[in-house]
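Working through the structure, step by step
Here are the chains, one letter per residue:
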Amino acid sequence: MDGKMIDLTGYHGTCSNCIESIEKHGLDPDQVKYREDHWLGQGVYFFENWDKAMWWAEDISRKNRNRGSFPVIYQAALSAKESEVLDLDDEKVVDQFYSRILNVQAEIEADARGRYPVFDEQKLRAVYFDYYKREYGISIIICTFSKPCTKSGVYRNREDLKKQIRLVQALGVSYKEKQICVSEKECIGNTVMVYNGEDEVV
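Let me sum up the structure you'll find in this document. (Residues numbered from 1 in each chain as written. Predicted model: local features only at pLDDT ≥ 70, side-chain atom pairs only at ≥ 80, totals over all residues. Heavy atoms only, no water.)

**Things to note about a nonpolar patch on the surface**
So the rule is basically this: The patch calculation keeps residues exceeding 30% relative accessible area without a salt bridge and links them within 9 Å when they carry like charges or within 5 Å when they are nonpolar (Val, Leu, Ile, Met, Phe, Trp, Tyr). Computed with a 1.4 Å probe, the accessible areas rest on the Shrake-Rupley method; for each residue, only the protein chains presented here act as cover. Here, a salt bridge means any Lys or Arg side-chain nitrogen found within 4 Å of an Asp or Glu carboxyl oxygen. Burial classes follow relative accessibility: with a 1.4 Å probe on protein chains only, a residue under 20% of its type's maximum area counts as buried, one over 50% as exposed, and anything between as partly exposed.
Side chains of Leu 167, Leu 171 and Val 173 sit close together on the surface and give an oily, nonpolar patch of about 330 Å² of accessible area. You can call Leu 171 exposed: its relative accessible area is 61%.

If you want it as structure tokens, here you go:
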């Protein structure tokens, strides 16, 4: 089983300010700015869905620090051995993940508190995933998140969103967002810019 390869296609949304770095280094996890609140730990993030990548690229292009930039999307071929992929959409994998984490939970949290004086749940998430990648040789994490609302959909006013969130809780029908976090550069193969702010790039 160790030798079986998992092949995926991912879409990385970013802003034009990053083009020079990407052209120089490629989509390289070592070039990504360290963040304590990454959902799946440190790495380059991809969406399975083009529209989600477009939403993300447009959103970060509007931020003050990126003023004057435009949205860009890269498509990349992602590949790793099955043993290096943590697919959290697989129930058996999730069960193994929690089983392993529970065995060392106190140790992980004690270490994290030593590094982060202000320790909250968002930081806890990244700490756990980074620990797991290191301990078990994980290069790619896949996870589909459920959300009660999303700015990438039809974004309504605040009052309607509150009503929608209550409906999601009552009906159990939520938005799904699959993210792919790659922490090893060798897992990111053929990469091409497929959107440059105005048009799809042929």
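**Looking at the side chain of Glu 177**
This is how it is decided: Per the convention used, a helix needs a DSSP run of H or I reaching at least four residues, while a strand needs a run of E reaching at least two, with both numbered from the N terminus. Two N or O atoms form a polar contact when they lie within 3.5 Å of each other; inside protein one atom must be a possible hydrogen donor and the other a possible acceptor, and for residues adjacent in sequence the pair counts only when both atoms belong to side chains. Contact criterion: two residues are considered in contact whenever any of their non-hydrogen atoms come within 4.5 Å of each other.
By the secondary structure assignment, Glu 177 is in strand β6 (residues 175-182). Looking at Glu 177, the relative accessible area reads 2%, which means it is buried. In this structure the side chain of Glu 177 is engaged in a polar contact, spanning 3.2 Å, whose partner is the side chain of Lys 147. If near-sequence neighbours (up to four positions away) are discounted, Glu 177 is found in contact with Phe 47, Lys 52, Trp 55, Cys 143, Thr 144, Phe 145 and Lys 147.

**Points about the environment of Gly 172**
Note on placement: Gly 172 falls in the loop between α5 (158-171) and β6. Owing to a relative accessible area of 58%, Gly 172 belongs among the exposed residues under this scheme. In sequence terms Gly 172 and Pro 148 are 24 residues apart; their C-alpha atoms lie 9.1 Å from each other.

**Comments concerning the packing of aromatic side chains**
Stated precisely, the cut-off is as follows: Any two rings among Phe, Tyr and Trp, with Trp reduced to its six-membered ring, count as a pair given centres within 6.5 Å; such a pair is stacked if its planes are under 30 degrees apart, edge-to-face if over 60, and tilted if neither.
This model, assessed by the stated rule, comprises eight aromatic pairs. Note on Tyr 11 and Trp 50: the rings are 5.9 Å apart at their centroids and 80 degrees apart in plane angle, and the pair reads as edge-to-face. Of this pair, Tyr 11 sits in strand β1 (residues 5-15) while Trp 50 is found in helix α2 (residues 50-61), placing the two residues 39 residues apart along the sequence. Tyr 11 sits in the buried class, given a relative accessible area of 16%. Look at Trp 50 and you get partly exposed, because its relative accessible area is 23%. Relative to Tyr 98, the ring of Phe 97 lies with its centre 5.3 Å away and its plane at 70 degrees, an arrangement referred to as edge-to-face.

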